[in-house]
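# Structural features, examined
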Amino acid sequence: MFGAAVEAAQARGLRTACHHDQRRAAQVNALTSARWGLNSIEHWYGIPEAMFRDRTLQHVPTDYNHNSEPQRFSQGAHLWLQTAERGSAAWQETLDELLELGTALSPTFNIYIGSRDAARVRTSEWHSEFTSPTLWEFFQPSADKHGSYMGDWTSEDEIAWRHAYVKWMSFVNDFKNLGGLVTAGSDSGFIYKVFGFGLIEELELLLEAGFHPLEVVRAATLNSAVLLGIDDELGSVEPGKIADLLIVKDNPLSNFKVLYGHGHLRAEESGLNRVGGVDFTLRSGIVYDARELRNDVKAMVAEEKSAQN
């Protein structure tokens, strides 16, 4: 059915993206779907399995239950730890074939960073003003909600994910260096990730993966437009293209943190100040005061909190 859906989309000139199902990755991994013509692989599912050479599926504990969110996310790190090593034949063959097939990667590094540092995502600075109580409640550990798995997240879980990130980021950076198309996405709304802030985190994490700041910006702008097939309309600043712009006083290439809605703390002669934050947003040539928009969000969050008290 999956392959038929990709084929049908191609026949109609539509583009396709997929978050591969971990339960089916042994049968349909990233290369399987790429060979069918899939345009973009979201997250990382299916990539480690495509590089398996000494096993046919992930080795998990015998009591593993895929429907347990804590177990599923915990064992996700071990997929990367069990797959081929960087520079190996399997690693290079997978990179080369994805490149040849023209498949893009949208890693969304930011959505999983709580797995390597749960305290950091739970206490992010912007939660107090920009995270609605309803969303905050959804984030709390629960057996019934997707991604709400940090009820007993251990040091060992975080350490495994830190090692997994090294391999995952290396794979994406190697793919980019070969000429592969990498885009910036966030998948916010889960695992303590808030819309808008998650995307800026993604820019920082692409930088951590080895991208130059200009490569990061390209992933978030032109590359994304290329993937969607609309790069003749937007994605870069050129005559005749739609004016979609962010205007900010500071240079984000020097510090992507100045793009965060809550700004960035900087020690200056006058003391510790919060600087940055996008000043204006242009969408299709229409100018929006980004500061007013953020104030609107803060007011809505404050109102919801007040109504609950």
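Coordinates for the structure precede this section.
Residues numbered from 1 in each chain as written. Predicted model: local features only at pLDDT ≥ 70, side-chain atom pairs only at ≥ 80, totals over all residues. Heavy atoms only, no water.

## Examining the overall build of the protein
What counts, and what does not: The way it works is that DSSP assigns letters per residue, a run of H or I at least four long becomes a helix, a run of E at least two long becomes a strand, and they are numbered from the N terminus. Our radius of gyration looks at C-alpha atoms and nothing else; its globule reference is 2.2 Å times the residue count to the power 0.38. Pairs of residues are marked as contacts when any of their non-hydrogen atoms sit within 4.5 Å. For accessible areas, the Shrake-Rupley method is used with a probe of radius 1.4 Å. Any residue's cover is judged against the shown protein chains and nothing else. In this count, Lys and Arg are taken as positive residues and Asp and Glu as negative ones, while His and the chain termini are left out. To locate a charge, take atom NZ for lysine, CZ for arginine, CG for aspartate or CD for glutamate.
The number of helices and strands found in the protein is 13 helices and 8 strands. Taken over the C-alpha trace, the protein has a radius of gyration of 21 Å; the compact-globule value for 309 residues is 19 Å, and the two agree within 12%. Its C-alpha atoms put the protein at 60 × 50 × 40 Å along the principal axes. The long-range share in the protein, meaning contacts at least 24 apart out of those at least 6 apart in sequence, stands at 69%. Total accessible area on the protein is roughly 15600 Å²; 53% of this is exposed by carbon and sulfur atoms. In the protein, which carries 28 positive and 42 negative side-chain charges, the distance between the mean positions of the two groups comes to 1 Å.

## Comments concerning the packing of helix α10 (residues 197-209) against helix α11 (residues 213-220)
The packing of two helices is summarised by the inter-axis angle and the distance between the axes. Definition in use: To define axes, lines are fitted to C-alpha atoms, for helices over the stretch in contact only, and angles between the resulting N-to-C directions are given on a 0 to 180 degree scale. Oblique is the label for any angle not under 35 degrees, not over 145, and not in the 65 to 115 range, which are roughly parallel, roughly antiparallel and roughly perpendicular in turn. Here a crossing is taken to be left-handed if its near helix is turned anticlockwise relative to the far helix by less than a right angle, and right-handed if that turn runs clockwise.
It is at 9 Å that the axes of α10 and α11 come closest, and there the two elements cross at 135°. The orientation of α10 with respect to α11, classified from their angle, is oblique. Where α10 crosses over α11, the handedness of that crossing is right-handed. Two secondary-structure elements touch here, α10 through Leu203, Leu206 and Leu207 and α11 through Pro213, Val216, Ala219 and Ala220.

## Some words on helix α1 (residues 2-11)
This is how the line gets drawn: Three exposure classes are used, based on accessible area relative to the maximum for each residue type with a 1.4 Å probe and protein chains only: buried under 20%, partly exposed in between, and exposed over 50%. By construction, the arc corresponds to the directions joining the helix axis to the C-beta atoms.
Of the positions making up α1, those classed as buried are Gly3, Val6 and Ala9. Along the axis of α1, the buried residues cluster in a sector spanning 125°; they form a single face. In α1, the exposed residues that point more than 90 degrees away from the buried face are Glu7 and Ala11. Along its buried surface, α1 packs onto α2 (30-36).

## A closer look at the pairing of strand β8 (residues 286-289)
So the rule is basically this: The pairing criterion for strands is at least two bridges between them, as found by DSSP.
Both strand β7 (residues 280-283) and β8 contribute to a ladder of 4 bridges, which runs antiparallel. What sits directly across from Leu282, in β8, is Val287.

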